[in-house]
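# Structure assessment
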Amino acid sequence: MRLLIIFLSVTNAFIIIYGPQPVLPLFMQEFGISISTASLSISLTILGIVFSSLFLAVFSDKWDRKKVILVSNLLLIIPSLALFFTHSFSWLLVFRFVQGTLITGVTTILMTYAAEEFPIKKKGMVLATYVSATLAGGLLGRVLCGFITEHFNWEWFFFVTTVMTTVVSLLIYFFLSESTGQIKSGKQNFTDHFKNLPLLSTFFIGFSHFFAFVGFFNYLPFYASQAPFNYSVAQTSLLYLTYIWGIVSSLITGMVSNRFGRRATIAVGHLVGATGILVTLIPSPYALILGASILTLGQFCSQSSATAYITDVVTHSKGAATSLYQCFFYLGGSLGAWIPGILWRHFHWSGIVVTTVGFILLALSSNYFLGGRRSRVAQSKRVTA
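Let me sum up the structure you'll find in this document. (Residues numbered from 1 in each chain as written. Predicted model: local features only at pLDDT ≥ 70, side-chain atom pairs only at ≥ 80, totals over all residues. Heavy atoms only, no water.)

## Comments concerning the overall build of the protein
As a reminder, the rule being used: Each helix corresponds to a stretch of at least 4 residues labelled H or I by DSSP, and each strand to a stretch of at least 2 residues labelled E; elements are numbered beginning at the N terminus. Restricting the calculation to C-alpha atoms gives the radius of gyration, and the globule rule supplies 2.2 Å times the number of residues raised to the power 0.38. For this analysis, residues touch if any pair of their heavy atoms sits within 4.5 Å. Values of accessible area rely on a 1.4 Å probe in the Shrake-Rupley scheme; residue burial ignores everything except the protein chains shown.
Within the protein, the regular secondary structure consists of 16 helices and zero strands. In terms of overall dimensions, the protein is globule-like: its C-alpha atoms have a radius of gyration of 20 Å, near the 21 Å expected for 385 residues. Seen through its principal axes, the protein has C-alpha atoms that stretch 65 × 45 × 30 Å. A separation of at least 24 residues holds for 86% of the contacts in the protein among residues at least 6 apart in sequence. Accessible surface, the protein as shown: approximately 15200 Å² in total, 71% of it carbon and sulfur.

## Focus on helix 5 (residues 65-85)
Think of an α-helix as 3.6 residues a turn; residues three or four steps apart then line up on the same face. Heads up, the condition is: What a helix is expected to span follows from its residue count: subtract one and scale by 1.5 Å. A 3.5 Å cut-off defines polar contacts: any pair of N or O atoms within that distance qualifies, except that in protein one atom must be a possible hydrogen donor and the other a possible acceptor, and neighbouring residues in sequence count only when both atoms are side-chain atoms.
For helix 5, built from 21 residues, the straight-helix expectation of 30 Å at 1.5 Å per residue is met to within 8% by its first-to-last C-alpha distance of 32 Å. Where helix 5 begins, the side chain of D64 points an oxygen toward the backbone nitrogen of K66, at a separation of 3.2 Å.

## Some thoughts on a nonpolar patch on the surface
Spelled out, the test is: Like charges within 9 Å and nonpolar side chains (Val, Leu, Ile, Met, Phe, Trp, Tyr) within 5 Å are joined into patches, using only residues over 30% in relative accessible area that form no salt bridge. Within this document, salt bridges are pairs made up of a side-chain nitrogen of Lys or Arg and a carboxyl oxygen of Asp or Glu, the two lying within 4 Å of each other.
Where nonpolar side chains cluster on the molecular surface, the patch consists of M125, W245, V248, L251, I252, M255, V256 and F260 and spans about 720 Å² of accessible area. For the nonpolar patch, the leading source of residues is helix 12 (residues 244-260), giving seven residues. Looking at the element boundaries, F260 is found in helix 12.

## Here's the deal with helix 2 (residues 24-31)
To keep it simple, the criterion reads: Burial classes: relative accessible area under 20% of the type maximum marks a residue as buried, over 50% as exposed, and values in between as partly exposed (1.4 Å probe, protein chains only). Think of it as the arc spanned by the lines of direction from the helix axis to the C-beta atoms.
Of the residues making up helix 2, those classed as buried are L24, P25 and F27. Projected down its long axis, helix 2 shows its buried positions confined to an angular sector of 160°, all on one face. The elements touched by buried residues of helix 2 are helix 3 (35-38), helix 4 (40-59), helix 6 (89-117) and helix 10 (197-224). Two residues or fewer past helix 2, G32 is found with a positive phi of approximately 65°.

## Focus: the pattern of salt bridges
Within this structure, the stated rule accounts for three salt bridges. A salt bridge links R2 to E117, with the nearest nitrogen and oxygen atoms 3.6 Å apart. Linking R2 in helix 1 (residues 2-18) with E117 in helix 6, this pair joins segments that are 115 residues apart in sequence. You can call R2 partly exposed: its relative accessible area is 25%. Classification of E117 by relative accessible area gives buried; the value is 9%. Of the charged contacts in the structure, one is a salt bridge between E116 and R65, with a shortest N-O distance of 2.7 Å. Residue E116 is located in helix 6, and its partner R65 is located in helix 5; the two are separated by 51 residues in the primary sequence. Take R65: its relative accessible area is 1%, and that puts it in the buried class.

## Some details on empty space enclosed by the protein
Gaps left between atoms show up when a probe the size of a water molecule is rolled over them. Counted only if it meets this: Grid spacing is 1 Å over the protein atoms alone, the probe is 1.4 Å, and a cavity is where that probe fits but cannot get out, while a pocket is an open set with protein on both sides within 12 Å along at least five of seven lines and lining residues have an atom within 4 Å of a point. Grid points are joined across faces, edges and corners, and a volume is the space filled by probe spheres set on the points.
A complete count under the given rule lists three cavities of 30 Å³ or more for this structure. Reported here for the largest cavity is a volume of approximately 80 Å³. Lining the largest cavity are F14, Y18, T134, G138, R142, F210, F213, Y243, Q299, F300, Q303 and F329. Of all the elements in the fold, those that place two or more residues in the lining of the largest cavity are helix 1, helix 7 (123-151), helix 10 and helix 14 (285-313).

## Here's the deal with the packing of helix 1 against helix 6
The description of two packed helices rests on the angle between their axes and on the distance between the axes. Cut-off, in case you're wondering: All axes are obtained by fitting lines to C-alpha atoms, using only the stretch in contact for helices, and the reported angles, taken between N-to-C directions, cover 0 to 180 degrees. Any angle that is under 35 degrees is reported as roughly parallel, and any over 145 degrees as roughly antiparallel; angles of 65 to 115 degrees are reported as roughly perpendicular and all others as oblique. Two helices that cross are described as forming a left-handed crossing if the nearer one is turned anticlockwise from the farther one by less than a right angle, and a right-handed crossing if clockwise. When residue character is reported, Ala, Val, Leu, Ile, Met, Phe, Trp, Tyr, Cys and Pro are called nonpolar, Asp, Glu, Lys and Arg charged, and the others, Gly included, polar.
Their axes nearest at 10 Å, the elements helix 1 and helix 6 cross at an angle of 155°. With respect to their mutual orientation, helix 1 and helix 6 come out roughly antiparallel. Here helix 1 runs over helix 6; the crossing is left-handed. On the side of helix 1, the interface is formed by R2, I6, S9, V10, A13, F14, I16 and I17, while helix 6 contributes R96, Q99, I103, V106, T107, L110, Y113, A114 and E117. By residue class, the composition of the contact of helix 1 with helix 6 is 11 nonpolar, three polar and three charged.

## Some details on the environment of G141
Position of G141 among the secondary structure elements: in helix 7. Accessibility expressed as a relative area gives 0% for G141, which makes it buried. Between the C-alpha atom of G141 and that of T322, which follows or precedes it by 181 residues, the distance is 25 Å. Excluding residues that lie within four positions of it along the chain, G141 makes contacts with I15, G19 and F157.

## Notes on the nonpolar core
So the rule is basically this: We call a set of buried residues a nonpolar core when its members are Ala, Val, Leu, Ile, Met, Phe, Trp, Tyr or Cys and they connect through side-chain atoms within 4.5 Å of each other.
With 102 residues, the main nonpolar core has Y18, F27, F217, Y330 and W349 as its most contacted residues. When residues in this core are grouped by element, the largest group, 17 residues, is from helix 10. Not counting residues within four places of it along the chain, the set of residues in contact with Y18 comprises I42, I46, R142, F210, V214 and Y330.

## So, unusual backbone geometry
Across the junction of A227 and P228, the peptide omega takes the value 5°, indicating a cis bond. Examined against the element boundaries, P228 turns out to sit in the loop between helix 10 and helix 11 (233-238). At H348, a position not held by glycine, the phi torsion is positive, near 55°. Summarising the element assignment, H348 is placed in helix 15 (residues 318-369).

## Describing the side chain of T202
Tracing the backbone through its elements, the reader meets T202 in helix 10. Contacts of T202, omitting those with residues within four sequence positions, involve A306, Y309, I310 and Y325.

## Section: the environment of E150
For E150, the position within the fold is in helix 7. For E150, a relative accessible area of 43% translates into the label partly exposed. Sequence spacing of E150 and S232 is 82 residues, and the spatial spacing of their C-alpha atoms is 8.9 Å. Other than its neighbours up to four places away in sequence, E150 contacts S232, V233 and A234.

What follows is the structure in structure tokens.
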């Protein structure tokens, strides 16, 4: 039951984060704004996650996990309902940012909860299930928003998410057990975390690869709405069905990374993801679907392994370490949702491809040059001994 609630809670959070992505071109038309401005409806939500991740990095190991998860879900109902009634893009951005700040209390704390509450031998599979939920939410959110908008309007998507968040809150209150594996800590050793080179490499990996992933899928609707595709909003939302491959990838990765090692699995994910992006340079609907599928396979292979790798290399203040990872991860996503829009003006899709592949190569470099080095804290302890 705990695993089911984790899955449903994280899925709902990611439905909220990425649901509006297919209707960004519609925001441009309805509010008379640019591509990069419309993309703020995604990037500001992710930026809210970044800011609250820093806050949680200070306090997450002091507070009870279940209470933080429950309160965050309950408060999330308020901006979700407000978005149903708003008709101003400025207020839409405000409420989307607030949503992001509250979502962190769900996603980050649930990741730590999952790592602490299940046996070590099941850690890889449990965290892979967590990542599968992020994928399911991203997929369902985009498809759901696309079809609701096609038949009603985009405001009704936020009403639906309000109802879902209420249901999830009730499930958490009644059925999610109290945290038993949490070790509460009043002191957060941030300096130690940044001296831990394998952990630092994971921060950079999360930042770079998620920049590429969000950048690709955030501007996919603009690319698909033009020739030679000319897709409608509903047709564009169906492209996100390629996320299904990520479910397969994350579940298999949970077993593979336990056997062959986290860093090797992460590196494979980098190479596969970059290949998928390059395939989309072929101006064909089949290439677009194939490339998005391959990228999704690579992204969730890398993300699942990186998530498990954090708990492998951290020995104390795990909540703080997870929050810092989430901060880097979502900062990459926030910038990935916005910066490529500036390049789009001059280089269109080829600019998106070059930028996103370049950031995946940065992730690969971080994995190679930092991931295999010993923590400086561990080295100092060895010298002292």
